[in-house]
Amino acid sequence: MIDTYSRLCVMKLGIILLLCGCSGVSGKLLVMEGNFQKSRGMYTGAIASYLKALAYAEAAPYSEFGLGSVYFAMGEERAALERFAQAGNLLEAFPPDSGQELRYRIHYNTGIVLFSDGDFSGAVDSFREALKIDGGKKEAKRNLELSIRALVRENTSNAPAGSGSGNEGEDESMAVLFGYIRQKETNQWKSREWQQEDNHDELDY
């Protein structure tokens, strides 16, 4: 008996076939197959589907991102970062105003991996890049703040004895953070221009 979730997935695949025609469908279907398997914890099958999708130029960045997500779920942080970076590289061949959600997720997930690995400086940079793409994402703002706080604590703990408590540096970092967030919220419409794209067949990942 096929459960409701599986039926919805099959219906969604059918809709994509109708919208996209024949061009690039095979790659997109493979990525969606990988996404489904990943959501069920079937990592071996997901990796196989994503690797097959790499042969299709339109699907390759999404496939690389999917591989990175699987590797991170499996505890392979370095491999995940390599795949996220490759996804970003492949997107360079796409029009600048396309794939904005994927671009955001690449930077955001890279920040998550770097933070979990203790690279707070790298995480700060990644979350800032994510916010440049979409300044309205609350999770990126929150994680940027957490990364800055963690970086300040790390620098304070490594400071020579007698150099101070580090509270002034933390306050300054927080002022920079909130000033940055306010600026992004003021100019948020610029970050959301990509939502007006005419291309509605981007992959759901």
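Anything mentioned here points back to the structure above.
Residues numbered from 1 in each chain as written. Predicted model: local features only at pLDDT ≥ 70, side-chain atom pairs only at ≥ 80, totals over all residues. Heavy atoms only, no water.

(A) How the structure looks around the overall build of the protein chain. A tally of helices and strands in the protein chain yields 10 helices and 0 strands. Traced from its N-terminal end to its C-terminal end, the protein chain shows the element sequence α-α-α-α-α-α-α-α-α-α. Long-range contacts, defined here as pairs at least 24 residues apart, represent 59% of the contacts in the protein chain between residues at least 6 apart. (Helix = DSSP H or I, 4+ residues; strand = E, 2+ residues; numbered from the N terminus. Contact = heavy atoms within 4.5 Å.)

(B) Quick look at the environment of Gln86. Within the element layout of this structure, Gln86 appears in helix H5 (residues 77-91). Residue Gln86 is classed as partly exposed on the basis of its relative accessible area, which comes to 32%. The spatial distance from the C-alpha of Gln86 to the C-alpha of Ala60 is 9.5 Å, given a sequence separation of 26 residues. (Buried < 20%, exposed > 50% of the residue type's maximum accessible area, 1.4 Å probe, protein only.)

(C) Local environment of the pattern of salt bridges. Following the criterion strictly, the structure yields 5 salt bridges and no others. When the shortest N-O distance is used, the salt bridge between Glu129 and Lys132 registers 2.9 Å. Remark: Lys132 and Glu129 occur in helix H7 (residues 120-133); sequence separation between them is 3 residues, near one turn of the helix. Given a relative accessible area of 30%, Glu129 falls into the partly exposed group. The exposure class assigned to Lys132 is partly exposed, which follows from its relative accessible area of 49%. (Salt bridge = Lys/Arg side-chain N within 4 Å of Asp/Glu carboxyl O.)

(D) Looking closely at the packing of aromatic side chains. Under the defined criterion, the tally for this structure stands at 4 aromatic pairs. Between Phe65 and Phe84, the aromatic rings sit 5.4 Å apart at their centres with planes inclined by 35°, giving tilted as the arrangement. Taken together, the residues Phe65 in helix H4 (residues 60-73) and Phe84 in helix H5 connect sequence positions 19 residues apart. Like Phe65, the residue Phe84 is buried in the burial classification. (Phe/Tyr/Trp six-rings, centres within 6.5 Å; stacked < 30°, edge-to-face > 60°.)

(E) Representation of H5 in the model. If you check H5, its first and last C-alpha atoms are 21 Å apart, about what 15 residues at 1.5 Å a residue would give, namely 21 Å. Along H5, the residues that are buried comprise Ala80, Leu81, Phe84, Ala87, Gly88 and Leu91. Each buried residue of H5 lies within a common arc of 120° when the element is viewed along its axis, so the set occupies one face. Looking at H5, the residues exposed on the side facing more than 90 degrees away from the buried face are Glu82 and Asn89. On its buried face, H5 sits against H4 and helix H6 (100-116). (Expected span 1.5 Å × (residues − 1). Arc of directions from axis to C-beta.)

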